[in-house]
Amino acid sequence: MKQLSSQGKVFYGWWIVGVCFLSNCFALGMGLFALTLFLRPWMEEFGWSNASTSAGITLYHIPMIFLPHYLGQWTQRYGARKIMLSGAVLLGGCTLSLYLLTSSLWHFYLIRALTGVGMLATSWIPVNIMVGNWFIKKRGRAIGIATAGIYASGFIIAPLANFLMVNF
């Protein structure tokens, strides 16, 4: 596969890598890194203990144990675009639900478990499948760049969420 087209334009697969980088960045940033900024205010607002609030973090990771096998099959069957779009809608709905619906601990637990599903559907598995389908020669580099979005989210999303919390 050529990396540049005959007109000198960038290979379309690199645009896919950029979108996958951003998807990884926002999925992990919103689902995990920015959440740590909200734990203390939730504990103070609702009177939850540190252990009960941290259990929500555990529930966030439970889907990552049981769903990857099925998510890989669904991504192969239905396509990464549909899976990632569904995950983004679920992730956005969960983020909004944390604001609007969290009034008891079991709401928090349910929303956090669903957030884990949404994050999983917008990151690792569909991203690696999609990028892998676009590249042959530079597949490792392309997947590495897309995966770097996971780690960039700690530098981008968490400070952005903190700025928004402090100023708005």
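Look up a bit, the structure's there.
What you see as residue numbers is a count from 1 along each chain, following the sequence as written. In keeping with the predicted nature of the model, local features appear solely for residues at pLDDT of at least 70, side-chain atom pairs appear and are counted solely at 80 or more, and the whole-chain, interface and lining totals rest on all residues. Note that the side-chain values use all heavy atoms of the structure and ignore hydrogens as well as water.

Focus: the packing of helix α8 (residues 124-134) against helix α9 (residues 139-167)
Then comes step 1: Interaxial angles span 0 to 180 degrees and are taken between N-to-C directions of axes, which are lines fitted to C-alpha atoms, for helices over the stretch in contact. Runs of H or I in DSSP of at least four residues are treated as helices and runs of E of at least two as strands, each being numbered from the N terminus. In contact at an axis separation of 9 Å, α8 and α9 are set at 150° when each is read in the N-to-C sense. Relative to α9, the element α8 is oriented roughly antiparallel. Between α8 and α9 the crossing geometry is right-handed. Between α8, through W124, V127, N128, V131 and G132, and α9, the contact on the second element is made entirely by R139, A142, I143, A146, T147 and I150.
Then comes step 2: Partitioned by chemical class, the residues of the contact of α8 with α9 number seven nonpolar, three polar and one charged. In what follows, roughly perpendicular refers to angles from 65 to 115 degrees, roughly parallel to angles under 35, roughly antiparallel to angles over 145, and oblique to any angle outside these ranges. Rotating anticlockwise by less than a right angle from the far helix to the near helix defines a left-handed crossing, while the corresponding clockwise rotation defines a right-handed one. By definition in these notes, contact holds between two residues if any of their heavy atoms fall within 4.5 Å. The classification used treats Ala, Val, Leu, Ile, Met, Phe, Trp, Tyr, Cys and Pro as nonpolar, Asp, Glu, Lys and Arg as charged, and all other residues, Gly among them, as polar.

So, the nonpolar core
Nonpolar side chains in soluble globular proteins tend to be buried together.
Then comes step 1: Residues L28, Y60, M64, L71 and M119 are the most contacted members of the largest nonpolar core, which totals 13 residues.
Then comes step 2: Among the elements that line this core, the one with the most residues is helix α7 (residues 105-122), at three residues.
Then comes step 3: When sequence neighbours within four positions are dropped, the list of residues in contact with M64 reads M119, L120 and W124. We define the nonpolar core as a collection of buried residues of types Ala, Val, Leu, Ile, Met, Phe, Trp, Tyr and Cys that are connected through side-chain atoms lying within 4.5 Å of one another. For every residue, the accessible area obtained with a 1.4 Å probe (protein chains only) is divided by the maximum for its type, and the residue is called buried under 20%, exposed over 50%, and partly exposed between those limits.

What about the side chain of T102?
Then comes step 1: Summarising the element assignment, T102 is placed in the loop between α6 (80-100) and α7.
Then comes step 2: A polar contact is formed between the side chain of T102 and the backbone oxygen of L98, at a distance of 3.1 Å.
Then comes step 3: Sequence-distant contacts of T102, defined by excluding residues within four places in its chain, comprise F46, W48, S97, H107, F108 and I111. Identification of polar contacts relies on pairs of N or O atoms within 3.5 Å, with a donor-acceptor requirement for protein atoms, meaning one able to donate a hydrogen and the other able to accept it, and with residues adjacent in sequence counted only if both atoms are side-chain atoms.

Concerning the environment of W14
Then comes step 1: In this structure, W14 sits in helix α1 (residues 12-33).
Then comes step 2: Given the relative accessible area of 22%, W14 is considered partly exposed.
Then comes step 3: Separated by 41 residues in sequence, W14 and A55 place their C-alpha atoms 39 Å apart.

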